[in-house]
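Notes for the structure review
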Amino acid sequence: MTWFCTYLSLTRTPVFPFPPSPVLCVRFSADGRYLAIGCIGSAEIYETTTGARSCILIDDTATPSLWITSVCFSPNGKLLATCATDYKIR
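All of the points below concern the structure found in this document. None of these values were measured; they are calculated from a predicted model. (Residues numbered from 1 in each chain as written. Predicted model: local features only at pLDDT ≥ 70, side-chain atom pairs only at ≥ 80, totals over all residues. Heavy atoms only, no water.)

Quick notes on the environment of aspartate 86
Selection criterion: Where helices and strands are cited, they refer to DSSP runs of H or I of at least four residues and of E of at least two residues respectively, numbered from the N terminus. Here a polar contact means two N or O atoms within 3.5 Å. Within protein one must be a hydrogen donor candidate and the other an acceptor candidate, and residues neighboring in sequence count only if both atoms are side-chain atoms.
Mapped onto the fold, aspartate 86 is located in the segment after strand E8 (80-84). Put simply, aspartate 86 and tryptophan 67 are 19 residues apart on the chain and 8.1 Å apart in space, counted from C-alpha to C-alpha. A polar side-chain atom of aspartate 86 sits 3.1 Å from the main-chain amide nitrogen of lysine 88. A polar contact of 2.7 Å, which involves the side chain of aspartate 86, links it to the side chain of arginine 90.

Structure (C-alpha cells):
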C-alpha cells in the first residue's frame, strides 16, 4: 500500500499488481488516470484509481527478453510510445 501526504492529510492509493519481471520504467498519463510501466517483454497500463490492469502490450515479433526501457503517453493520453533495448520505438 502506498500513502501520499497532501496538505497534511493522508490518502490511500491502490497497490498495483505488477508483473513478475522487473519494472524498468513508469509514467503517469497527463490526466493522472493511467500508469504505464515497462517490463521485460511487455508494457502494461493500469488504472490509477483501482489499480486494475487495463491492458498488456506485447510485440509478438520481438524476443521475449526485450527490455522496455521507456514509456510515454501522447498529450491526449490515447497513445503510448515505448522504447526498447532493440533500439525500436513502438
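With respect to the pairing of strand E5 (residues 43-47)
Every other side chain in a regular strand lies on the same face of the sheet, so the side chains alternate between the two faces. Note the cut-off: Classification of residues uses two cut-offs on accessible area relative to the type maximum, computed with a 1.4 Å probe and protein chains only: under 20% is buried, over 50% is exposed, and between them is partly exposed. One requirement defines pairing of two strands: DSSP has to find at least two bridges between them.
For E5, the buried fraction is high: four of the five residues fall into the buried class. Hairpin connection from strand E4 (residues 34-38) to E5: four residues lie between these consecutive antiparallel strands, with glycine 41 at a positive phi of about 95 degrees. Taken together, the four bridges between E5 and strand E6 (residues 53-57) define a ladder with antiparallel strand orientation. By the bridge assignment, alanine 43 is partnered in E6 with leucine 57.

A few points about the side chain of glutamate 44
Positionally, glutamate 44 belongs in strand E5. With relative accessibility at 3%, the residue glutamate 44 sits in the buried group. There is a polar contact of 3.4 Å between the side chain of glutamate 44 and the side chain of arginine 53.

Quick word on the sheet that holds E5
Threshold: To obtain an axis, a line is fitted to C-alpha atoms, over the contacting stretch when the element is a helix, and the angle between two such axes runs from 0 to 180 degrees between their N-to-C directions.
The four strands are arranged E3-E4-E5-E6 in an open sheet whose pairing can be described as antiparallel. The sheet is open, and its two edges are formed by strand E3 (25-28) and E6, each paired on a single side. The sheet shows a mean angle of 15 degrees between the axes of neighbouring strands, direction not considered. Examined bridge by bridge, E4 and E5 share five bridges and lie antiparallel to one another. By the bridge assignment, tyrosine 34 is partnered in E5 with glutamate 47.

Remarks on unusual backbone geometry
The phi dihedral of tyrosine 87 is positive, around 65 degrees, even though this residue is not glycine. Locating tyrosine 87 in the fold gives a position in the segment after E8.

A short note on the pairing of strand E7 (residues 68-73)
Here E7 pairs with E8 via five bridges, running antiparallel. In the sheet register, cysteine 72 faces E8, and the bridge partner there is alanine 81.

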